[in-house]
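Analysis of the macromolecular model
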Amino acid sequence: MKKLYSYNFISRIIFLLLTPVFFQYFGLGFIWHSIYWGVITAVVLIWGAFIIFSPLVGRIGCGWFCFMGTVSDLSSQHSIFKIKWRKPKIWIRMILLIPFFASAIIFYFINKERGITHDFAFLSSFLKLDFSLHYQYVWIIDVTSALLFGLLLERRWACKNICIMGTLCSAGANYSRLIPVVDINKCTLCGKCEKDCLVRIPIIDYINNNNGLITNSECILCGKCVELCKFDAIKIKFIWNRNKYKQLITETISLI
Ligand code: SF4
Ligand code: SF4
Ligand code: SF4
């Protein structure tokens with residue numbers, strides 16, 4: 001689908017503009033509040049689904065819906081510091097992930113001890129949708145921090161290093177069946193896709209060393225590389241068995 005990135009961009013802009021309406025459904029911080037109150041809310045279900053399905057469809061949530069990722073992409077075009085691809089450091093991610101969940105769980109048990117909360121319950125609309133002054137402040141803080149991170153460090157640095165949802169989704173996306181695939185017979189190694197990738201994925205490495213399978217857990221499936229390639233060499237598709245695919249490509253090359 002050649003126009004994939006155009007659809008992706010429209011989706012992300014729509015979700016960005018609608019964020020004040022759906023804020024409590026997509027704001028990552030509300031996951032903490034949900035645990036704190038012992039309630040499984042819509043935001044937990046939505047992001048829970050993105051995490052659970054990440055081994056199947058990768059970082060769809062990050063690439064198609066998250067308003068902070070979109071703000072980061074928009075501001076990233078004017079970043080002060082350009083970065084090279086570097087694999088995210090798992091220990092940095094853990095330093096943020098563990099206190100996030102640990103503190104929420106501790107507060108949940110303290111609240112339970114005091115009789116304020118009870119066992120975990122499904123109450124998807126527990127967090128009200130009214131965009132009160134308090135939520136407006138939280139939204140402004142979220143958008144401003146994504147904007148500043150994007151202006152400072154390009155290509156979703158914050159997504160790759162400090163976002164807790166990024167950490168959890170990337171763990172599953174390591175095994176994603178839906179991935180960008182380069183047809184190495186069509187590719188001229190021009191490098192255009194890698195140069196403009198929203199996340200700075202080292203695509204050429206994957207073309208040279210992984211039979212064209214871009215199995216990078218940071219890929220957000222935005223489709224920009226698909227749209228940019230003049231040779232129609234990249235497609236995002238389901239690869240159910242990576243080893244079998246690679247074997248097939250190796251055999252095809254050896255026959256040429
Ligand atoms: S890594 Fe976090 S901030 Fe970035 S797009 Fe994903 S959920 Fe949003
Ligand atoms: S833009 Fe197309 S031809 Fe150029 S390196 Fe990427 S996949 Fe290959
Ligand atoms: S590899 Fe392609 S689909 Fe993945 S993030 Fe980069 S441009 Fe988007």
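Placed above this text is the structure.
Description of the structure in this document. (Residues numbered from 1 in each chain as written. Chains lettered and ligands numbered in written order. Predicted model: local features only at pLDDT ≥ 70, side-chain atom pairs only at ≥ 80, totals over all residues.)

Glancing now at the packing of helix 2 (residues 29-37) against helix 7 (residues 90-113). The contact between helix 2 and helix 7 brings their axes to 7 Å, and the two run at 30 degrees. As judged from the angle between their axes, helix 2 and helix 7 are roughly parallel. The chirality of how helix 2 crosses helix 7 is right-handed. Contact with helix 2, carried on its side by Trp32, Ile35 and Tyr36, involves Phe100, Ala104, Ile105, Phe107 and Tyr108 of helix 7 and no other residues of that element. Residues belonging to the contact of helix 2 with helix 7 are distributed by class as follows: 8 nonpolar, no polar and no charged. (Axes fitted to C-alpha atoms, helices over the stretch in contact; angles between N-to-C directions. Helix = DSSP H or I, 4+ residues; strand = E, 2+ residues; numbered from the N terminus. Parallel < 35°, antiparallel > 145°, perpendicular 65-115°, else oblique. Left-handed = near helix turned anticlockwise from the far one by under 90°. Contact = placed C-beta atoms within 7 Å. Nonpolar A, V, L, I, M, F, W, Y, C, P; charged D, E, K, R; others polar.)

Moving on, we come to the site of ligand 3. As a structural note, the neighbourhood of ligand 3 is formed by 14 residues, with Cys197, Cys219, Cys222, Lys224 and Cys225 the closest of them. Class assignment for the residues of the shell around ligand 3 results in 12 nonpolar, 1 polar and 1 charged. (Near = placed C-beta within 6 Å.)

With that out of the way, let us pick up the site of ligand 1. Near ligand 1 you find Cys62, Cys66, Met68, Gly69, Cys159, Cys163, Met165 and Gly166, and these make up its full shell. Classifying every residue of the shell around ligand 1 by side-chain character gives 6 nonpolar, 2 polar and no charged.

Quick look at helix 8 (residues 133-152) now. In this model helix 8 runs 28 Å from its N-terminal to its C-terminal C-alpha over 20 residues, within 8% of the 28 Å that 1.5 Å per residue would give. Among the structural elements, helix 6 (67-76) and helix 9 (157-161) are those in contact with the buried residues of helix 8. (Expected span 1.5 Å × (residues − 1).)

For strand 3 (residues 178-182), a buried count of 5 out of 5 residues is recorded, marking the element as mostly surrounded by other parts of the structure. Strand direction decides the pairing type here: strand 3 and strand 4 (residues 234-238), joined by 5 bridges, are antiparallel. In the strand pairing of strand 4, Leu178 is matched with Phe238. (Buried ≥ 20, exposed ≤ 12 C-beta atoms within 10 Å, placed from the backbone. Pairing = 2+ DSSP bridges.)

Turning to unusual backbone geometry, a few remarks are in order. Even without being a glycine, Arg155 presents a positive backbone phi close to 55 degrees. Here Arg155 is to be found in the loop between helix 8 and helix 9. With phi around 55 degrees, Asn211 is a residue other than glycine that occupies positive phi space. Structurally, Asn211 is set in the loop between helix 12 (203-209) and helix 13 (224-228).

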